Amino acid sequence: MTEMRPQDILMPATAGLCCQIGGFHIDPTRPVERALITHGHSDHARSGHGAVLATQETLDIMRLRYGENFAGSTQAIGYGEQVRLGETNVSFHPAGHVLGSAQIKVSSGGTCVVASGDYKDVRDPTCAPFELVQCDVFITEATFGLPVFRHGDAAAEVKKLLASVALFPERAHLVGAYSLGKAQRVIALIREAGYDAPIYLHGAMDKITRYYADKGIPLGELRPVKGMKKADLAGTITLAPPSATSDLWTRRFPDPVTAFASGWMRVRARARQRGVELPLVISDHADWDGLTATIAATGAAEIWVTHGQEDALVHWCKTKGLAARPLDLVGYGDEEESEVVATEEADA
């Protein structure tokens, strides 16, 4: 068999990455006949597809978010399991991003392409660790694809939060964190640091956080913040979607310390702009060192960059002798920047 060219396996199309010889799209931005989904974040996992192939956790999360009929049909695939789609062999491998997140390996004619979705290469107590997959072409995100983004140790950031809680027992601490993945990781890290008091949740956090807990991830005692008296929230920690931490909802807390857990908190101007008193540099995406180390370790001779700071990462790849190009895919972004709380959850 003639060796397959990478562009004959996967190519950017209007709806996202398309595999014509396999009859599917990866993380399509509009409804398609067959979709392979890397993870449950809303810029990657949309409803309305004819058939969806994803990990069981991603399917569960899509069901929680979009309802029972989010797709015509669904099929769960385990990590490392291989399926034949058209002229391709496809397998899913841990991406270390959020619960159930996966890189998708597509092989045909002796050529292997890995679409990594969103990923991180550092420890996370709430999901399977990133698995390095050797390939010919590696498709990488570049959300934090600039040398300025070095995230540091998430556990150390959580210690800053707990030090502030100890220092200001009369104030409530309100932590903005994306409701899928980030919030649960922050809670798990708080527990690992030895904090065992109840942690309060905005209503928009409840379903997915309970799902994580049901999956056996140790999150400790969780309580809804709704219905709590203002005075009783002194000295407590509450997690809420980022958009909730800057609206009228915060008035129910006694003199709140507003924190925000995000890789963007490395940029002080962003923290000031959002009125964040306690920036916590905690990201579920690889930082610059994580991106470049992963790219080098895959052994791929060709790198395609999907979204984020594409130009800087493409340039770095070329200085290392790798063929690299931006894919200029539209419709993907940083979830925590775009998450908006639904009206019915705003008072939760």
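Above this note sits the structure.
Residues numbered from 1 in each chain as written. Predicted model: local features only at pLDDT ≥ 70, side-chain atom pairs only at ≥ 80, totals over all residues. Heavy atoms only, no water.

Break down the overall build of the chain for me, with residues and values.
Across its full length, the chain carries nine helices and 19 strands. Rg of the C-alpha trace for the chain: 20 Å, near the compact-globule value of 20 Å for 348 residues, within the 12% margin. Over its C-alpha atoms, taken along the principal directions, the chain stretches across nearly 70 × 45 × 30 Å. Counting all 348 residues of the chain, 57% fall into the buried class. Contacts spanning at least 24 positions in sequence make up 62% of the contacts within the chain whose residues lie at least 6 apart. Within the chain, the 43 negative side-chain charges are centred at a point lying 4 Å from the centre of the 34 positive side-chain charges. (Helix = DSSP H or I, 4+ residues; strand = E, 2+ residues; numbered from the N terminus. Rg over C-alpha atoms; globule rule 2.2 N^0.38 Å. Buried < 20%, exposed > 50% of the residue type's maximum accessible area, 1.4 Å probe, protein only. Contact = heavy atoms within 4.5 Å. Lys, Arg positive; Asp, Glu negative; His and termini not counted. Charge placed at Lys NZ, Arg CZ, Asp CG, Glu CD.)

Go over the pairing of strand β5 (residues 49–54), please, and point to the residues and values.
For β5, the tally of buried residues reaches five of six residues, placing the bulk of the element in the interior. Where strand β4 (residues 34–36) meets β5, three bridges bridge the pair, whose relative direction is parallel. Looking at the pairing, leucine 36 lines up with leucine 53 of β5. Across five bridges, β5 lies against strand β6 (residues 71–76) in parallel orientation. Looking at β6, one finds that alanine 51 is bridged to serine 73. Taken together, β5, helix α2 (residues 56–66) and β6 form a β-α-β motif whose crossover is right-handed. (Pairing = 2+ DSSP bridges. Right-handed = clockwise from strand over helix to strand, strands pointing away.)

Account for the pairing of strand β7 (residues 82–85), naming residues and giving values.
Only one face of β7 is buried, namely the one carrying Val83 and Leu85, since none of Gln82 and Arg84 on the opposite face is buried. Pairing analysis gives four bridges linking β7 to strand β8 (residues 88–94), with the strands arranged antiparallel. Bridge pairing in β8 places valine 83 opposite valine 90. Two successive antiparallel strands, β7 and β8, enclose a turn made up of two residues, where glycine 86 displays a positive phi of approximately 60°.

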